[in-house]
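Per-entry structural report
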Amino acid sequence: MRAAQKLYKDGVFIKETGDHLTGKGAILVLGFGSKNILLEDDIYNKLKITYPGANILLCSTAGEIYNNVVYDDTVSIVVMEFEETLIKTSNLNINYGPDSFDAGKALFNDLNTEELSYMMIISDGGLVNGSELVRGIESINKGKIPVSGGLAGDGDKFNYTVVGCNEDPAMGNIAAIGFYGKSLKIGHGSLGGWETFGPEKKVTRSVSNRLFEIDGKSALELYKQYLGKYADDLPGSALLFPLYVRLEGSRSSVVRTILSIDDKEQCMVFAGDIPEGSYVSFMKANFDKLIDAATHAASNTLTQFRHGDAQKPKLALLISCVGRKLILGNRIDEEIEAVKEIFGDSTLLSGFYSYGEISPLGINTKCKLHNQTMTITTFDEETISNSSS
């Protein structure tokens, strides 16, 4: 496997680094960038001219990751060329097709064969219910194939997001990429680092990702009480105080972020489902724990790699949450630098800040939608001839 990356800034491609591509293998180009640049600078056709025959996936972000630096108003581009791994793409638009659950089923069914070894999914971050999308995938997959990815972003505006797979990016798109063959080596890790405060409370009324009542009281009013002075800045301030969600009878939990407030229905709309009957707690940030979580997520991927810490992967794809970016502020580079320290200079880092992260919690476990996490997927390729020698 070969990997290279470049940064598009102020109308030109800069900061090129990585391997020289041969043009002989399957090529995948990923571009993570500012929505306005993706829509106005014709990035897709620029990349199509540079990489004819490649599969090209673009998505809007809440910040771009290039090596060990976080940028805004750029496009971070990473190019992967595989020697033996094959690639197939599938995409649909939620505005013209099935709901989020059925979309997940359709995408996985379209890519699923005996040779499928990994699936990446990049989805619209505003119109798609990420929990249902993932649940649809895993209704068929059942944890057999690792699946990771994330939801596109739109800075801190939460207006609309765009995704495009082998076409210009647009609203409502969900793109899936299947990787095929035994040569691909994947690692994955996902951790948050947030702290809970206050007692657990029971969700007494919710519908999908819309939360109405906690302990029989208005969830919105209760949330405003907890936020205090930050309540005037909702929904943006909600990124600073996500919700811990635990299903009844389960020890595992997920973190959920508010996407919007529906004043008419007096409810909060989250990036993923808040099941009725589940237990929730409010959360707050601890700067050092957020950065430590990024370090541990990186370390966890290496435990799955073919030689552990002795040989680092070619590429690490980082998808972190916009909430972490807002909390860390001018310290945001620290979580990327912490990841870089684990992988070293031999591993390229690329990725983006998202409205939701998709990853399994462990090896051979179902993927889930996460919020407020640093999620990492590592890539490399071990040729059959090398592995048998």
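Calculation rules
Residues numbered from 1 in each chain as written. Predicted model: local features only at pLDDT ≥ 70, side-chain atom pairs only at ≥ 80, totals over all residues. Heavy atoms only, no water. Salt bridge = Lys/Arg side-chain N within 4 Å of Asp/Glu carboxyl O. Pairing = 2+ DSSP bridges. Helix = DSSP H or I, 4+ residues; strand = E, 2+ residues; numbered from the N terminus. Axes fitted to C-alpha atoms, helices over the stretch in contact; angles between N-to-C directions. Contact = heavy atoms within 4.5 Å. Buried < 20%, exposed > 50% of the residue type's maximum accessible area, 1.4 Å probe, protein only. Parallel < 35°, antiparallel > 145°, perpendicular 65-115°, else oblique. Left-handed = near helix turned anticlockwise from the far one by under 90°. Nonpolar A, V, L, I, M, F, W, Y, C, P; charged D, E, K, R; others polar. Core = buried A, V, L, I, M, F, W, Y, C linked by side-chain atoms within 4.5 Å.

1. Topic: the pattern of salt bridges
- All chains considered together, the criterion is met by 14 salt bridges.
- Each of the salt bridges in this network shares a partner with another, and the network as a whole consists of Arg210, Asp262 and Glu265.

2. Remarks on the sheet that holds strand S4 (residues 55–60)
- Reading across the sheet, the six strands line up as S2-S1-S7-S3-S4-S11 and stay open at both edges, with mixed pairing between neighbours. Because the sheet does not close on itself, it has two edges, and the strands there are strand S2 (12–18) and strand S11 (163–165). Neighbour-to-neighbour, the strand axes of the sheet open up by a mean angle of 15 degrees, direction not taken into account.
- Taken together, the seven bridges between strand S1 (residues 2–9) and strand S7 (residues 75–82) define a ladder with antiparallel strand orientation. Paired with Ala4 across the strands is Val79, a residue of S7.
- Where helix H2 (residues 43–50) meets the sheet, its contacts fall on S1, S2, strand S3 (26–33), S4 and S7, and the angle it forms with S4 comes to roughly 155 degrees.

3. Here we look at unusual backbone geometry
- Its identity as a non-glycine residue notwithstanding, Asn67 has a phi of 60 degrees, on the positive side.
- Mapped onto the elements of the fold, Asn67 is located in the loop between strand S5 (64–66) and strand S6 (69–71).
- Accessibility expressed as a relative area gives 24% for Asn67, which makes it partly exposed.
- Even without being a glycine, Asp215 presents a positive backbone phi close to 50 degrees.
- For Asp215, the location among the structural elements is in the loop between strand S15 (210–214) and strand S16 (217–218).

4. Let's talk about the pairing of S4
- Judged by how many residues are buried, S4 sits mostly within the fold: six of six residues are covered.
- Neither face of S4 is left uncovered, since the one carrying Asn55, Leu57 and Cys59 and the one carrying Ile56, Leu58 and Ser60 both have all their residues buried.
- When S3 meets S4, the two strands line up parallel, connected through six bridges. Within the sheet, the bridge partner assigned to Leu28 lies in S4 and is Asn55.
- Of the pairings in the sheet, the one linking S4 to S11 comprises three bridges and is antiparallel in character. Note on S11: the bridge partner recorded for Leu57 is Cys165.

5. Here we look at the environment of Lys15
- On the secondary structure map, Lys15 appears in strand S2.
- Judged by relative accessible area, which is 45%, Lys15 ranks as partly exposed.
- Setting aside residues up to four positions removed in sequence, Lys15 forms contacts with Gln5, Lys6, Leu7, Tyr66 and Tyr71.

6. Some remarks on the packing of helix H3 (residues 100–111) against helix H4 (residues 130–141)
- The geometry of H3 relative to H4 is characterised by a closest axis approach of 6 Å and an angle of 45 degrees between their N-to-C directions. By the angle class used here, H3 and H4 are oblique. Handedness of the crossing formed by H3 with H4: right-handed. Contact with H3, carried on its side by Ser100, Phe101, Ala103, Gly104, Lys105, Phe108 and Asn109, involves Glu132, Leu133, Arg135, Gly136, Ile137, Ser139, Ile140 and Asn141 of H4 and no other residues of that element.
- Looking at the contact of H3 with H4 residue by residue, the class counts come to six nonpolar, six polar and three charged.

7. Things to note about the nonpolar core
- Membership of the largest hydrophobic core comes to 53 residues, with the highest contact counts inside it found for Ile121, Ile174, Leu318, Val339 and Ile376.
- Look past the residues within four positions of Ile121 in its chain and what remains in contact with it is Leu107, Leu133, Ile137, Val147, Ser148, Gly149, Gly150, Ile174, Ala175, Ala176 and Ile358.
- In this structure, Leu57, Tyr118, Ile177 and Leu348 belong to the second largest nonpolar core, which totals 28 residues.

8. So, the packing of helix H6 (residues 287–303) against helix H8 (residues 333–343)
- Interaxial distance between H6 and H8 falls to 8 Å at its minimum, and their mutual angle equals 30 degrees. Between H6 and H8, the angle falls in the class roughly parallel. For the pair H6 and H8, the sense of crossing is right-handed. Every residue of H8 that contacts H6 at Leu290, Ile291, Ala294, Thr295, Ala298, Ser299, Thr301 and Leu302 is listed here: Glu334, Glu335, Ala338, Val339, Ile342 and Phe343.
- Each residue belonging to the contact of H6 with H8 can be placed in one class, and the counts come to nine nonpolar, three polar and two charged.

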